[in-house]
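Close look at the chain arrangement
Residue strings, one per chain:
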Amino acid sequence: MQGDVQTRKARGRLSREALVKLGKVLETYFDDVRKEGVPDRFKDLLDQYDARKAQGQSGQQAAERTEGGSTGPLEERHDKGST
Amino acid sequence: MTLAPSVREAMLDAVPSLRAFAISLSGNVDRADDLVQETLLRAMANIDSFQPGTNMSAWLFTILRNLFRSEYRKRRREVEDTDGSYAEGLKSHPEQHSRVEFEEFRTALAKLPQDQREALLLVGASGFSYEEAAAICECAVGTIKSRVNRARTRLAELLSIDSADDFGPDQPTRAILSAGGHR
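Procedures and definitions
- Residues numbered from 1 in each chain as written.
- Chains lettered and ligands numbered in written order.
- Predicted model: local features only at pLDDT ≥ 70, side-chain atom pairs only at ≥ 80, totals over all residues.
- Heavy atoms only, no water.
- Helix = DSSP H or I, 4+ residues; strand = E, 2+ residues; numbered from the N terminus.
- Buried < 20%, exposed > 50% of the residue type's maximum accessible area, 1.4 Å probe, protein only.
- Areas by Shrake-Rupley, 256 points an atom, 1.4 Å probe, with all protein chains shown as cover.
- Domains from an automatic or database assignment.
- Contact = heavy atoms within 4.5 Å.
- Buried area = accessible area lost by both parts, 1.4 Å probe.
- Salt bridge = Lys/Arg side-chain N within 4 Å of Asp/Glu carboxyl O.
- Polar contact = N/O pair within 3.5 Å; in protein donor to acceptor, adjacent residues only side chain to side chain.
- pLDDT = per-residue confidence, 0-100.
- Axes fitted to C-alpha atoms, helices over the stretch in contact; angles between N-to-C directions.
- Parallel < 35°, antiparallel > 145°, perpendicular 65-115°, else oblique.
- Left-handed = near helix turned anticlockwise from the far one by under 90°.
- Nonpolar A, V, L, I, M, F, W, Y, C, P; charged D, E, K, R; others polar.
- Phe/Tyr/Trp six-rings, centres within 6.5 Å; stacked < 30°, edge-to-face > 60°.
- Lys NZ or Arg CZ within 6 Å of the ring centre and 35° of its normal.

Before going further, it helps to examine the overall build of chain A. Helices and strands together make up the secondary structure of chain A, namely three helices and zero strands. Reading chain A from its N terminus to its C terminus gives the helix and strand order α-α-α. When burial is assessed residue by residue, chain A has 25% of its 83 residues classed as buried. Per element, the accessible surface of chain A, about 5800 Å² overall, is 50% carbon and sulfur.

Next up, the structure:
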């Protein structure tokens, strides 16, 4: 058996069966993580980005409308859960 | 501009695989999640350079890989943490299949040279084609192929995955039989 392993190693080729087995192990390993889906922190991250952008835009419009009125810093409202 | 719904969806769709890739690269769930977070932030900041219709997943993997590489280079000068906290934070720790197998696998994976490991993870587990993996790693397709081959051979060796017992004295017979069985 050991001899077989040696020859195959020398050729650097794996049998089809070994490839399939290896592929399964790799997939199982990855699937354990994939099964966790998308953690909330990442959804929040995109939401925060959108909120900031949306706010930036409407903030700008508001500033134009009120022309120097007190639009105040709206920015730091959505940093809960950033850690 | 806020993210187009399709862009947002494509980004989130890529997250589970990105995490798997990041955990396999860094061996540490917390670091991996930080990497994914950093990747998404970069992606959003540079969303204008993403071409709609191209592969979002490949784009994100490219960013993550580059981040990991530059961070890795930095950290290497600090502490080498090869065993220890490795993958400990993984929530869905595999009750389904044996823990031993899992541990054995990640240990073996960690023994591969980085180039080979990432090539194998991209092609063998993340579902990218050789061409896509080559683009992500910024190297030739042939290079990726040989890295993947070497990684597979080495891993199989480390995990004693081999079908030596499938090739007994009657190998020629089996070869003939299986040749007949394949399309």
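We are not done yet, so read on.
This next bit is on the domain arrangement of chain B. Residues and elements named next belong to chain B. Once the domains are mapped, chain B shows domain 1 (1–83) and domain 2 (96–183). In this assembly, 13 residues from domain 1 lie in contact with 13 residues from domain 2. When domain 1 packs against domain 2, close to 1200 Å² is buried across both sides, 54% of that on carbon and sulfur atoms. The largest share of the area that domain 1 buries against domain 2 comes from Phe-21, Arg-65 and Arg-69, three residues that together contribute 37% of it. Between Asp-115 and Arg-69 there is a salt bridge; the shortest N-O distance is 2.6 Å. Here domain 1 and domain 2 share four residue pairs in polar contact (both at pLDDT 80 or more) between them. In terms of residue count, helix α3 (residues 56–76) provides more of the side of domain 1 that touches domain 2 than any other element does, nine residues in total.

Residues and elements named next belong to chain B. Of all residues in chain B, 75% have pLDDT values of 70 or greater, and the mean over the chain is 80. Here helix α8 (residues 171–181) stands out as the element of chain B with the lowest mean pLDDT, 44, in contrast to helix α6 (residues 130–137), whose mean of 97 is the highest. Confidence drops under pLDDT 50 across residues 79–89; counting only partners more than four residues distant or on other chains, this segment forms 13 contacts. In this model, residues 165–183 is a region of pLDDT below 50 whose contacts with residues beyond four sequence positions or in other chains number seven contacts.

Geometry of a packed helix pair, given as the angle between the helix axes and the separation of the axes. All names here are of chain B. It is at 9 Å that the axes of helix α5 (residues 114–125) and α6 come closest, and there the two elements cross at 140°. As judged from the angle between their axes, α5 and α6 are oblique. Here α5 and α6 pass one another in a crossing that is right-handed. When α5 is examined against α6, the residues Glu-118, Leu-122 and Val-123 are found in contact with a partner set consisting of Tyr-130, Ala-133, Ile-136 and Cys-137. Tallied by class, the residues present in the contact of α5 with α6 amount to six nonpolar, no polar and one charged.

Moving on to the packing of aromatic side chains. All names here are of chain B. Tallied over the full model, the rule gives four aromatic pairs over all chains. Geometrically, the ring pair formed by Phe-50 and Trp-59 is tilted, given 5.1 Å between the ring centres and 45° between the ring planes. Comparing Phe-50 with Trp-59, the two get one shared label, buried. Ring centres of Phe-61 and Phe-128 lie 4.8 Å apart, and the angle between their planes is 75°; on these two criteria the pair is classed as edge-to-face. Of the two residues, Phe-61 is situated in helix α3 and Phe-128 in the loop between α5 and α6; the sequence distance between them amounts to 67 residues. Phe-128 matches Phe-61 in its accessibility class, with the two residues each being buried. Grouping aromatic residues by their ring pairs yields a cluster made of Phe-21, Phe-61 and Phe-128. Geometry around Tyr-130 places Lys-145 over its ring, the cationic atom sitting 5.4 Å from the centre.

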